[in-house]
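Coordinate inspection notes
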Amino acid sequence: MPQRRTVTSRSHEPRLRYAEEVRRLREGRGLTLRELADQLGWDWSTLGKLERGQTLGSPEVAQALDEYYGTPGLLLALWELAVGDPTQFKEQYRRYMLLEAEAVSLWQFSVSVLPGLLQTDGYAREVLATGGIKGEELTKQVDARLSRRELLVGEDGPPFRAILAEATLRTPSRDAGVWREQLEYLVEAAERPNITLQVLPQSSGLHGLVGTDVMFLKLHDGRTVAYTETAYHGELVQESRDVDRLQRAYDSMRDLALSPAESLKFIGQMLEEAQCDPST
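Since we're looking at a predicted model, the values are computed, not measured. (Residues numbered from 1 in each chain as written. Predicted model: local features only at pLDDT ≥ 70, side-chain atom pairs only at ≥ 80, totals over all residues. Heavy atoms only, no water.)

1. A word on the packing of aromatic side chains
- Counted under the stated rule, the structure contains five aromatic pairs.
- Ring geometry for tyrosine 123 versus tryptophan 179: centroids 6.0 Å apart, planes at 35 degrees, classification tilted. Residue tyrosine 123 is located in helix α7 (residues 121-130), and its partner tryptophan 179 is located in helix α10 (residues 176-190); the two are separated by 56 residues in the primary sequence.
- With centroids separated by 5.4 Å and ring planes inclined at 75 degrees, the aromatic side chains of phenylalanine 216 and tyrosine 250 adopt a geometry described as edge-to-face. Of this pair, phenylalanine 216 sits in strand β4 (residues 213-218) while tyrosine 250 is found in helix α11 (residues 240-256), placing the two residues 34 residues apart along the sequence.
- Overall, the relative accessible area of 0% leaves phenylalanine 216 in the buried class.
- Every member of this aromatic cluster is reached through a ring pair, and the members are Trp107, Phe216 and Tyr250. (Phe/Tyr/Trp six-rings, centres within 6.5 Å; stacked < 30°, edge-to-face > 60°. Helix = DSSP H or I, 4+ residues; strand = E, 2+ residues; numbered from the N terminus. Buried < 20%, exposed > 50% of the residue type's maximum accessible area, 1.4 Å probe, protein only.)

As structure tokens, then:
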């Protein structure tokens, strides 16, 4: 059997293919990044990051570029493939990432580290580095983690509720500037209509998910699956009996958590303290 020939030299990796198409269309118009940015009223550096594959941007950006270039649906389709591409994540997460990209609603409990869907670049980099990741692999994993945030962006972003144990807000980054940026992002995220944040006070005491992060995903077919994670192990839970048990523990904690309004005030207080830290 003859060897299969590659039709084009373009990348078969969804994230890089999206970046290549964005760059190809601009160059086809004979435009520089600055010229394109001026025409669209955008920041040219953001467009540069799109073309280098450093960010995927939002679906609105893909749609706007499709409209500008007269390529209806092309870039948006490539963006969707890039966001849902499981190969950018470690093997143990890939099945979960496919489900996360398709979920119609998500809810999470975080024990000591803020949820990946709400992490900033600097915070994500520090968290991943503590696990021993470094160099090019660290940059790749940070970029992959940040791309997940795009799931929550836009009018069609699914509802997302996160209960944050107080410890997540009492454990700052080593870099004070990174920590302030992260808290500012939490405040911004909490104001979006599809995102609900609640803080579980330390005074609530022991509960059914001590030491375990968990994310619940409601899928299109009505099923709910869960993903539990400790510092060293992650597990996709699909058996309904086990998911129900985790759900009951989550619901019990939600009853003990601060209201969304109280939680936003709490996060704001943490931000004020970070801004007033005399050591920075």
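2. Examining the packing of helix α2 (residues 33-40) against helix α4 (residues 59-69)
- Axis separation between α2 and α4 bottoms out at 12 Å; the angle between their running directions is 95 degrees. Classified by the angle their axes make, α2 and α4 are roughly perpendicular. Along the contact surface, α2 presents Leu36, Gln39 and Leu40, while α4 presents Leu65, Tyr68 and Tyr69.
- Class assignment for the residues of the contact of α2 with α4 results in five nonpolar, one polar and no charged. (Axes fitted to C-alpha atoms, helices over the stretch in contact; angles between N-to-C directions. Parallel < 35°, antiparallel > 145°, perpendicular 65-115°, else oblique. Contact = heavy atoms within 4.5 Å. Nonpolar A, V, L, I, M, F, W, Y, C, P; charged D, E, K, R; others polar.)

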